[in-house]
Amino acid sequence: MIDTDVVDFDKYRPAKLEVYAYKCPECGTLHYPVPMICKDCSARRDPSGVLFSSWEKVPLGGKCSLLSWTRLYALPEGFEDRYLLFGIVEFENGLRASGRLLVQDPKIGMKLVSKVGVVREKIGEDVYGFMFDRPG
Amino acid sequence: MRKVGIVGIGHTVFGNLSEFDLVDIMSFASADALDDADIRKERKIIDQVFVANVGAGLLNHQTAIASSLVSRIDLEPAMAETVENGPASGASALKCGYTAIASGMADVVMVTGGEVMRAVTGWKATDFVATLLHPEAEYNYGLTLPAFAAMFTRLYMERYGLTEEELAMVAVKDHDNGIKNPYAHVPYTCTLEGIYGSPDANVVNNLIADPLRLYNMCPVSDGAASLVLCALDSAKMKHFKKKPPILIQGIGAATDTHCIHHRKDPLELKAVALSAERAYKMAGLGPKDISFAELHDAFVILELAISEEVGFFKKGRAREAVVQGLTRIDGKLPINTSGGLKAKGHPLGATGVSQVFELVKQLRGEAEEGRQVGNPKHGMAVNFGGFGNNVVTTICSKE
C-alpha cells in the first residue's frame, strides 16, 4: 500500500498552464519575459530570492489584438507541420508577446484571446506557450 | 586615434562548400588576402588575427577555430581570437581589428570570417539560426528569422503601401549585380515576370513565410572572406606598396531589444540608425557623401528598411528609389553592388567581412566588368545581427 503522506503526488500533476509576467517589487512594472534589472526603476531580481527579492509571478493572458502575423512554411528542426501561423499581439495591459496563431485568416488589428498550449514537443518534455484564437 | 587602412583582401566563392573543411575554407580566403597584400612570405608581420564565425561548434563540431586558422596558415605566434556576434560577427571582428590597431596594441591585423552551414540539413540550419532569438519568448514557439522578417514586411506593406511586385524588383536588381560577381552563390539573373505575377511565379517563387517568398530572402551559404589591416603610421606599411590602402573612415555599432515585441514601433530599426549615426560621426560624413552601399539584405525588405534608417531615403520611400532605378549600378546610389546577401549568399560569419571586401574592390576600381561604380569615394556596409538587435556599420574611403 502506498503511503500518501510520503509520496508527493503533486509533482506528477501537470503544471498549471500559465505564461507569467513578472512584477517589479519596487515600481510595479510588469515584464515579459523576465529581465534581471527593471528598465523603469533599475531594481534587481534574484531568481533564488537570497540576495534580492524574487519577483512576483503574475499570469499573463486574456484579450489582445494582433499587431502582425505570418504563415511559416519553412519550419525549423523539431516541427513536422506543413505550416504554422504566428503572430505578435498586444494585451489589454500593454504587454506584448509572440506566439502561435490558431486562426486561419488573420488580419492585423483583429481581436483575439490567448490560451496556453503545447507549442513544442521535445523528447520527455512538452513546452507550453501562448496560442491566440478568436474570442468565444 | 591612428588611421587604419585595408591593405589586403581575400574571398572564396560562396555556395555549397560542405565537402570542404571550415578552417580550410577560411585559410583559403586568408591566403588570398595575404597574396593580395603581397605579404605571403612576410606574413609573420601580422600581430593579431580576429576570426568571425557563428556555427563551428554547433554545425561543424569544431571549437577554438582562431587557433586552428593561425596554425593552418602558419601565423604563429600572432594573437588570435574568435568573435561571435550572430550575423554581424564579420563586421564585429573588423571592429575588433580596427580597435586593436587604433589603440596601439597591434600594427597589422588579419580579419577572417567564415561559415559552413550546409554541412547540415536546411531544417537544422533554420533551427541553428533561430537560436539567436529569445529562447523562452520566441525560439520555443518555432519562430525563425524569416518569420520575423515576414511580420516586419506585412506591417511595412500595411503602413507604406509596399507591394509584392516592388519587393520582387529588389531581388531582380540584386541578381543583375550578382551574376557579374564571380563569388556569388546564386549567379544568375531573374526576370520580374519569372518571379512575380506570372503562372510560373507561384511555382518558382513559392511562399516561405507569408508574405515572403523564396526570392525575398537569401540562400543558406558556405564561404569565407578575409581582410588585412595596417596602421597608416606604422613602419610596417612599407610592406604594402602594391596597392593603395583603403581607409576605414568610420565604424559604429549599436544594439536593440532582444525580443522583437519589446519595440514600441516594430518597424523602427533603432540599432541600424544609431550604428550609422556613430559611423557617420566618426567619419565626419553624412548620407549624401556615400557613393554606394552594401546593406544586409538577408531579406530584401531589409535593403529597403536599412536604406531608410541610414538616411538615404525618407521612411517608406526606398521602394520608389528601387522603381526609379536609383539603386542600380548605374543609378545615383548603387546598393548591393555585389548582389547582396540575396544573390551573393550569406555565410553568417563571413558576411560582414565580405561586405567590406566589396567596398574595397569598388573603391580600388577593381570590381568586375558591368558592376563597377563610377569613381566612388565613400562606401558604406551595414551588417545586421539578429533581427536588428546588434548592428555594425562601416564606412570606407579612398585615402
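Cut-offs and rules
Residues numbered from 1 in each chain as written. Chains lettered and ligands numbered in written order. Predicted model: local features only at pLDDT ≥ 70, side-chain atom pairs only at ≥ 80, totals over all residues. Helix = DSSP H or I, 4+ residues; strand = E, 2+ residues; numbered from the N terminus. Rg over C-alpha atoms; globule rule 2.2 N^0.38 Å. Contact = placed C-beta atoms within 7 Å. Buried ≥ 20, exposed ≤ 12 C-beta atoms within 10 Å, placed from the backbone. Expected span 1.5 Å × (residues − 1). Pairing = 2+ DSSP bridges. Axes fitted to C-alpha atoms, helices over the stretch in contact; angles between N-to-C directions. Nonpolar A, V, L, I, M, F, W, Y, C, P; charged D, E, K, R; others polar. Domains from an automatic or database assignment. Core = buried A, V, L, I, M, F, W, Y, C linked by C-beta atoms within 7 Å. Parallel < 35°, antiparallel > 145°, perpendicular 65-115°, else oblique.

What is the right way to look at the overall build of chain B in this model?
In terms of helices and strands, chain B carries 14 helices and 11 strands. Taking 2.2 N^0.38 as the reference for a compact globule, 399 residues should give roughly 21 Å; the C-alpha atoms of chain B span a radius of gyration of 20 Å, in line with that estimate. Once the C-alpha set of chain B is aligned to its principal axes, its extents read approximately 60 × 45 × 40 Å. Contacts in chain B between residues at least 24 apart in sequence constitute 78% of all its contacts with a sequence separation of at least 6.

Help me out: how do you make sense of the overall build of chain A in this one?
Within chain A one finds zero helices and eight strands. Each helix and strand of chain A, ordered N terminal to C terminal, gives the series β-β-β-β-β-β-β-β. When the 136 residues of chain A are sorted by exposure, 26% land in the buried category.

I keep staring at helix H7 (residues 164-178) of chain B and nothing clicks. Help me out?
Think of an α-helix as 3.6 residues a turn; residues three or four steps apart then line up on the same face. Helix length check: H7(B) (15 residues) gives 21 Å between terminal C-alpha atoms against 21 Å at 1.5 Å per residue, within 8%. Among the 15 residues of H7(B), 11 are classified as buried, and the element is accordingly described as predominantly covered.

Honestly, the sheet that holds strand S4 (residues 108-116) of chain B in this entry has me stumped. Any pointers?
As a general point, the strands of a sheet are linked pairwise by backbone hydrogen bonds and lie either parallel or antiparallel. All names here are of chain B. Strand order in this open sheet of nine strands is S3-S2-S4-S7-S1-S8-S11-S10-S9, and the pairing throughout is mixed. At either end of the open sheet lies a strand with only one pairing partner, and these are strand S3 (79-83) and strand S9 (292-295). Each adjacent strand pair in this sheet contributes to an overall mean axis angle of 25°, direction not counted. As paired elements, strand S2 (residues 48-52) and S3 share five bridges and run parallel to each other. Each residue of the ladder has a partner; that of Gln48, found in S3, is Met79.

What is the right way to read the environment of B:Val356 from this model?
All names here are of chain B. In this fold, Val356 is placed in helix H14 (residues 348-364). Judged by local crowding, Val356 falls into the buried class, with 27 C-beta atoms found within 10 Å. Considered as a pair, Val356 and Leu227 are 129 residues apart in the sequence and their alpha carbons are 8.4 Å apart. Those residues in contact with Val356 that lie beyond four places of it in its chain are Leu94, Leu227, Ala381, Thr394 and Cys396.

Can you help me understand the sheet that holds strand S3 (residues 56-60) of chain A in this one?
All names here are of chain A. Strands sit in the order S2-S1-S3 across an open sheet of three strands; the sheet is antiparallel. At either margin of the open sheet sits one strand with a lone partner, and together these are strand S2 (30-31) and S3. Two strands pair when backbone bridges link them, and strand S1 (residues 19-23) and S3 are joined in this way by five bridges, in the antiparallel orientation. Each bridged residue has a counterpart across the sheet, and for Tyr22 the counterpart in S3 is Lys57.

Would you take a moment to explain the interface of chain A and chain B for this structure?
It is common to give the size of an interface as the accessible area lost on bringing the parts into contact. Opposite the 27 residues of chain A that make contact, chain B presents 28 residues. Considering each element in turn, the side of chain A that touches chain B owes the most residues, six residues, to strand S4 (residues 63-72) of chain A. Tallied by class, residues from the side of chain A that touches chain B come to 16 nonpolar, six polar and five charged.

Help me out: how do you make sense of the domain arrangement of chain A in this one?
Residues and elements named next belong to chain A. The assigned domain composition of chain A is domain 1 (17-60) and domain 2 (61-133). If you average the C-alpha positions of domain 1 and of domain 2, the two centres end up 24 Å apart. Counting residues at the interface gives eight residues for domain 1, matched by nine residues for domain 2. Within the residue set of the side of domain 1 that touches domain 2, elements represented by two or more residues are S1 and S3. Here the residues of the side of domain 1 that touches domain 2 are counted per class, giving seven nonpolar, no polar and one charged.

Please explain the nonpolar core as it appears in this structure.
The nonpolar side chains of a soluble globular protein tend to be buried with one another. Counting residues in each nonpolar core, the largest one holds 164 residues, and the members touching the most others are B:Val49, B:Val51, B:Leu227 and B:Leu229. Both of domain 1 (17-60) and domain 2 (61-133) of chain A provide at least three residues apiece to this core. Setting aside chain neighbours within four positions, we find B:Val49 in contact with B:Ala66, B:Leu69, B:Val70, B:Leu75, B:Ala78, B:Ala80, B:Met110 and B:Thr112. Grouped together as the second largest cluster of nonpolar side chains are five residues, B:Tyr183, B:Ala184, B:Val186 and B:Ala343 included.

Which parts of the structure should I look at to understand unusual backbone geometry?
A negative phi holds for most residues other than glycine; trans holds for most peptide bonds. Going from A:Tyr32 to A:Pro33, the amide bond is cis rather than trans, its omega being -10°. Here A:Pro33 shows up in the loop between S2 and S3. For the peptide bond that leads from B:Glu76 to B:Pro77, omega is 15°, which places it in the cis range. Positionally, B:Pro77 belongs in the loop between helix H3 (65-72) and S3. The residue B:Asn336 is not glycine, and still its phi comes out positive at about 55°. Secondary-structure assignment places B:Asn336 in the loop between helix H12 (318-323) and helix H13 (340-344). B:Asn336 gets classed as buried once you count the C-beta atoms within 10 Å, which come to 28. With a phi angle near 45°, B:Asn375 is a residue other than glycine that sits in the positive phi range. Tracing the backbone shows B:Asn375 in the loop between H14 and strand S10 (378-385). Of the residues examined, B:Asn375 has 9 C-beta atoms within 10 Å and is grouped as exposed.

Where do I start with the environment of B:Ala149 in this structure?
Residues and elements named next belong to chain B. Topologically, Ala149 is positioned in helix H6 (residues 145-160). For the pair Ala149 and Asn216, spaced 67 residues apart in sequence, the C-alpha to C-alpha distance is 9.9 Å. Residues within four places of Ala149 in sequence aside, it is in contact with Ala209, Leu212, Phe299 and Ile301.

Can you help me understand the environment of B:Thr351 in this one?
Residues and elements named next belong to chain B. Note on placement: Thr351 falls in helix H14. The exposure class assigned to Thr351 is buried, which follows from the 33 C-beta atoms found within 10 Å. With 126 residues separating them in the primary sequence, Thr351 and Ala225 have C-alpha atoms 7.8 Å apart. The residues touching Thr351, leaving out its near neighbours within four places in the chain, are Pro87, Gly90, Leu341, His346 and Asn383.

Which parts of the structure should I look at to understand the packing of H7(B) against helix H11 (residues 300-309) of chain B?
To describe two helices that pack against each other, one gives the angle between their axes and the distance between the axes. Residue and element names in this part refer to chain B. Relative to each other, H7 and H11 sit at 95°, their axes nearing to 9 Å. Comparing the axis directions of H7 and H11 gives the class roughly perpendicular. Where H7 approaches H11, its residues Leu167, Val170 and Ala171 are matched on the opposing element by Val300, Ile301, Glu303 and Leu304. Taken together, the residues of the contact of H7 with H11 sort by class into six nonpolar, no polar and one charged.

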